[in-house]
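Architecture and fold: a report
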Amino acid sequence: MAKNNVKKIFRMGLWEDNPVFGQILGICSALAVTNLMMNSLIMGLGLIFVTGLSSFTISLIRQYTPKHIRMMIQVLIISAYVIIVDIFLKAYLPEMSKALGPYVGLIITNCIIMGRAEAFAQKNPPLESLLDGVASGLGYTIVLLIIAFFRELLGFGTIFGIEVLGDWWTPWTIMIMPPAAFFILAIIIWITHNIKEKNEREVAK
Amino acid sequence: MIELNPFIIFLAAIFTNNMIFANFLGMCSYIAVSNEIPTALGLGQAVTFVLAITSVINYLIYDYILVPLQLEYLRFIVFIVSIAAIVQLLEMVLERYLPNLYYALGIFLPLITVNCAILGVSLFMIIREYTFMQSIGFSIGSGIGWTLAIVALAGIRQRIKNAPIPKGLEGPGITLIITGLMALAFVGFSGIVQIQ
């Protein structure tokens, strides 16, 4: 596998085709867990694990799966990995498992994973699919962490549970409530669209 | 925990614990299919219908098959398969017996399998340990709440079609901001009832 190829996969996953602000996929769970950075980090790691490995598995058996039932098989593979994540969280991080609640299970219906399976793993060799899955998962995690950074900092005055802003800071309650998640994601989409457009204009020149 | 009346849960699922504004479930199709009121209404009806049926069946499967066999950890696979099967079955039954409804909902039915709201409701009712009646109230309420949100959004989007929007905000950006404002309005309901 050429080094260039790896670089390209990561650039696509992290920036150009970033699942959240590039393709508007997987925002269901992206918004719900971003009230604390720790939640977002664990959720992101879980998603990287599931996207990477399910892309790998789907690509591995892609020649043997009949075309018309491939969706069902993909969903089953994804659910199997999600169950692993769920059991792992319950055993080692019970607090976190409770905080994330149903959103761990909802990784199954996260469009990012199915999207990557259909768009990439179906046509490419296993190792590249694994990298592609990880890259998309990383792109998702980074956006999650950015949203969570603002929400936790302004809403609680903390980062990863460590107090950063002192007593003088009055927490913005709205930041912990759902509306703030919509606003911050909208602003991120706005900024990235503008940067992309500027780059395109420069290329056109 | 105080036993909540199913009707209270029903109301809470529409207003205070709205699927979209409080739990962010079903966002994908919410943003994609909210350009026109009739389509939004059609999808909303289909979602409500499927939600009511799947949650009843998933409730029975979980309580009478998975729990006695101590297979709770398999619930994700079982739920997603049963949802896919029910949607498929529903499609066939509707096509055979209620062709009018089938053509109205037709294109939306397959989309519903991957709507996070459906799986989300099933998982929520397990985690919150609802009784059978409470589950029914919760699922129908969630469906109606989701429909309310998507129809309202479609109405607003039709209005702003010709409005001058900053270039980078067009499409999903402005939709999210509108949703945020609507969510703010729904925060106002939070004094009525509260389920965690």
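Structure: above.
Attention in this report is confined to the structure presented alongside it.

Rules and cut-offs
Residues numbered from 1 in each chain as written. Chains lettered and ligands numbered in written order. Predicted model: local features only at pLDDT ≥ 70, side-chain atom pairs only at ≥ 80, totals over all residues. Heavy atoms only, no water. Helix = DSSP H or I, 4+ residues; strand = E, 2+ residues; numbered from the N terminus. Buried < 20%, exposed > 50% of the residue type's maximum accessible area, 1.4 Å probe, protein only. Contact = heavy atoms within 4.5 Å. Areas by Shrake-Rupley, 256 points an atom, 1.4 Å probe, with all protein chains shown as cover. Lys, Arg positive; Asp, Glu negative; His and termini not counted. Charge placed at Lys NZ, Arg CZ, Asp CG, Glu CD. Buried area = accessible area lost by both parts, 1.4 Å probe. Salt bridge = Lys/Arg side-chain N within 4 Å of Asp/Glu carboxyl O. Polar contact = N/O pair within 3.5 Å; in protein donor to acceptor, adjacent residues only side chain to side chain.

1. Regarding the overall build of chain A
The helix and strand tally for chain A stands at 9 helices and 2 strands. Seen in sequence order, chain A has helices and strands lined up from the N terminus as α-α-α-α-α-α-α-β-β-α-α. Projecting the C-alpha coordinates of chain A onto the three principal axes gives extents of approximately 60 × 55 × 30 Å. Counting across all 205 residues of chain A, residues that qualify as buried make up 53%. A separation threshold of at least 6 residues defines the contact pool for chain A, and within that pool the share at least 24 residues apart is 76%. For chain A, the accessible surface area stands at approximately 9800 Å², while carbon and sulfur atoms represent 68% of it. Side-chain charges of chain A comprise 16 positive and 13 negative groups, with the mean position of each set lying 9 Å from the other.

2. Points about the interface of chain A and chain B
Taken residue by residue, the interface counts 38 residues in chain A and 40 residues in chain B. Interface of chain A and chain B: buried area, both sides summed, is about 3200 Å²; carbon and sulfur atoms make up 85% of it. At the surface where chain A touches chain B, the tally comes to 1 salt bridge. Among the ionic pairs, R75(B) bridges to D86(A), the shortest N-O distance being 3.8 Å. Applying the counting criterion to the chain A and chain B interface returns 1 residue pair in polar contact (both at pLDDT 80 or more).

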